[in-house]
Amino acid sequence: MDYDSVEEAQRLVDTLTPGSCCLKVGKSLFTRAGPRLVEAWVRDGWDVFLDLKFHDIPNTVAGACRAAADLGVWMVNVHALGGPAMLAAAKTAIGGRTGHRPLLTAVTVLTSHDQTTLDAIGLRGAPQDAVARLTGLATAAGLDGVVCSAQEAARVRAQSGDDFRRVTPGVRPRGSAQDDQRRILTPAEAMRAGATDLVVGRPVTRASDPPQVVESIANEVAITVQAHAGR
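Residues numbered from 1 in each chain as written. Predicted model: local features only at pLDDT ≥ 70, side-chain atom pairs only at ≥ 80, totals over all residues. Heavy atoms only, no water.

- The name given to the protein chain in an unreviewed UniProt entry is Orotidine 5'-phosphate decarboxylase, with Spiribacter curvatus as the source organism.
- The Function (unreviewed entry) field of the UniProt record for the protein chain holds the comment "Catalyzes the decarboxylation of orotidine 5'-monophosphate (OMP) to uridine 5'-monophosphate (UMP)." (UniProt positions renumbered as here; feature names shortened; annotations may be inferred.)

1. What about the sheet that holds strand S4 (residues 103–107)?
Consideration 1: An order of S1-S2-S3-S4-S5-S6-S7 is seen for the 7 strands of this open sheet, with the pairing classed as parallel. Looking at strand neighbours, the two that pair on one side only are strand S1 (23–25) and strand S7 (197–198), the edges of this open sheet.
Consideration 2: Across 2 bridges, strand S6 (residues 165–168) lies against S7 in parallel orientation. Residue pairing across strands places threonine 168 opposite leucine 198, the latter belonging to S7.
Consideration 3: Each of S1 and strand S2 (48–54) is contacted by helix H3 (residues 35–43), which is oriented at about 150 degrees to S2, the strand it contacts most. (Pairing = 2+ DSSP bridges. Helix = DSSP H or I, 4+ residues; strand = E, 2+ residues; numbered from the N terminus. Contact = heavy atoms within 4.5 Å. Axes fitted to C-alpha atoms, helices over the stretch in contact; angles between N-to-C directions.)

2. Some details on the nonpolar core
Consideration 1: Met1, Trp41, Leu50, Cys65 and Val78 are the most contacted members of the largest nonpolar core, which has 59 residues in total.
Consideration 2: Sorting elements by how many residues they give to this core places helix H5 (residues 84–95) first, with 6 residues.
Consideration 3: Among all residues touching leucine 50, those that are not within four sequence positions of it are Val25, Phe30, Val38, Ala68, Leu71, Val73, Met75, Val76 and Asn77.
Consideration 4: Among the nonpolar cores identified, the runner-up in size contains 7 residues, and Phe49, Leu103, Val107 and Val167 belong to it. (Core = buried A, V, L, I, M, F, W, Y, C linked by side-chain atoms within 4.5 Å. Buried < 20%, exposed > 50% of the residue type's maximum accessible area, 1.4 Å probe, protein only.)

3. Side note on helix H1 (residues 6–15)
Consideration 1: Looking only at H1, the buried set comprises Ala9, Leu12 and Val13. Looking straight down H1, one finds that the buried residues subtend no more than 100 degrees of arc, so they occupy a single side. Facing away from the buried surface of H1 by more than 90 degrees, the exposed residues are Glu7, Arg11 and Asp14. (Arc of directions from axis to C-beta.)

4. Points about the pattern of salt bridges
Consideration 1: Under the definition given, this model contains 5 salt bridges.
Consideration 2: A salt bridge links arginine 165 to aspartate 197, with the shortest nitrogen-to-oxygen separation between them at 3.0 Å. Taken together, the residues arginine 165 in strand S6 and aspartate 197 in strand S7 connect sequence positions 32 residues apart.
Consideration 3: Given the relative accessible area of 24%, arginine 165 is considered partly exposed. (Salt bridge = Lys/Arg side-chain N within 4 Å of Asp/Glu carboxyl O.)

5. Here's the deal with the pairing of strand S3 (residues 75–79)
Consideration 1: For S3, a buried count of 5 out of 5 residues is recorded, marking the element as mostly surrounded by other parts of the structure.
Consideration 2: Neither face of S3 is left uncovered, since the one carrying Met75, Asn77 and His79 and the one carrying Val76 and Val78 both have all their residues buried.
Consideration 3: Read as a crossover between parallel neighbours, the route from S2 over helix H4 (residues 58–70) to S3 is right-handed.
Consideration 4: Bridge count between S3 and S4: 5 bridges; the pairing is parallel. Bridged to methionine 75 within S4 is leucine 103. (Right-handed = clockwise from strand over helix to strand, strands pointing away.)

6. A look at the side chain of threonine 135
Consideration 1: On the secondary structure map, threonine 135 appears in helix H7 (residues 127–140).
Consideration 2: By relative accessible area, which is 0% here, threonine 135 ends up buried.
Consideration 3: Those residues in contact with threonine 135 that lie beyond four places of it in its chain are Thr108, Val146, Val156, Gln159, Ser160 and Phe164.

7. Notes on the environment of glutamine 10
Consideration 1: Mapped onto the elements of the fold, glutamine 10 is located in helix H1.
Consideration 2: In the structure, glutamine 10 is positioned 107 residues away from threonine 117 in sequence and 35 Å away in space, judged by C-alpha atoms.
Consideration 3: Contact partners of glutamine 10, with chain neighbours within four places excluded, come to Leu37 and Trp41.

Here's what the structure looks like:
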């Protein structure tokens, strides 16, 4: 839901129905609209993924996670680069709640990164190795999963188990523009690779018929899952 205005975002939401997909609210829309829009969509029956990638000192991140849970969101994420203490604080803040508890996931390596950009920022090793290290931190802290490229989903599943969620941005239906993503796969390829949750942004939000694109992706996923189950 990376729109420049609430009105644009709401026009898309009005064409869709809860259950057909979830809504991912990132920094752009949240900075413009704030928590009230998220609360409104939650009241309307939407599962909202609050994608703000909290990354700060442990106490600050814990407070942010509690605030996100109070909004009723379905999933919230932090950045695994915040380290073990921060991840543990986020888990404690959400896990100790008696009321609604959203899924808590950790961003590993952004899908806009490749080997060149990791070298530039001094993050050692190949992207898949960095993902594995950060996944280990999230697993040890008891998080529900990680955000990673679909290209690393199989390795994450082998490392942390089937119940550990693999949320995969950089998913592009065949024929879509790559945009600023680097490590990408199609929806079917991502599911076969072990993804549990697919993030598809601009191919939907910039489409002439967004509901048709959502339906097409859902059908592709369903066919892939059925084929895998039949093996």
